[in-house]
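# Structure assessment
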Amino acid sequence: MTSPLQQKLKVTGPVVVTANRLSDGAVVYSSVDGTWTTELADAAVVTTTPAATELLTSALADKLRAVDAYVAPVEITPERDVRPGNLREWIRCNGPTVAFPGQR
């Protein structure tokens with residue numbers, strides 16, 4: 001039997017679970033060992049709905065360290081590098097693309 005979350009989540013390719021760290025707002029990714037990492041390369045990449053549901057459920061329960069966890073698409077290059085799978089995630093992963101006044 002599938003959970004309500006699993007019924008809504010349809011994984012069609014490689015994905016990671018991402019959130020924002022509560023202490024400083026940094027973009028973080030769920031790793032294989034269940035901790036949060038700021039490096040996309042160290043994120044747990046899954047390709048099935050049950051695996052994504054398990055990661056997301058665990059991440060959503062970790063409200064003291066990260067907020068607003070969700071599943072995000074990624075691409076795996078021929079060299080086995082992990083890259084953001086869409087423009088929104090590319091911007092989140094790489095930070096702002098413009099400098100604000102007072103920043104270099």
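Residues numbered from 1 in each chain as written. Predicted model: local features only at pLDDT ≥ 70, side-chain atom pairs only at ≥ 80, totals over all residues. Heavy atoms only, no water.

## Structural notes on the nonpolar core
Counting residues in hydrophobic clusters, the biggest one holds 16 residues, and the most contacted among them are V15, V17, A19, W36, A52, A69 and V71. Of all the secondary-structure elements, those providing two or more residues to this core are β1 (15–21), α2 (49–61) and β4 (66–76). Per-element accounting of this core gives the leading share, four residues, to α2. In this view, V71 contacts L9, V15, V16, V17, A52 and L56; residues no more than four positions away in its chain are not counted. Of all hydrophobic cores here, the second largest spans nine residues; its members include V16, V27, Y29 and A72. (Core = buried A, V, L, I, M, F, W, Y, C linked by side-chain atoms within 4.5 Å. Buried < 20%, exposed > 50% of the residue type's maximum accessible area, 1.4 Å probe, protein only. Helix = DSSP H or I, 4+ residues; strand = E, 2+ residues; numbered from the N terminus. Contact = heavy atoms within 4.5 Å.)

## Concerning a nonpolar patch on the surface
A surface patch of nonpolar side chains, amounting to about 330 Å² of accessible area, comprises L87, W90 and I91. Secondary-structure assignment places W90 in helix α3 (residues 87–94). Owing to a relative accessible area of 41%, W90 belongs among the partly exposed residues under this scheme. (Patch = residues over 30% accessible without salt bridge, like charges linked within 9 Å, V, L, I, M, F, W, Y side chains within 5 Å. Areas by Shrake-Rupley, 256 points an atom, 1.4 Å probe, with all protein chains shown as cover. Salt bridge = Lys/Arg side-chain N within 4 Å of Asp/Glu carboxyl O.)

All we've got here are geometric facts, nothing functional implied.
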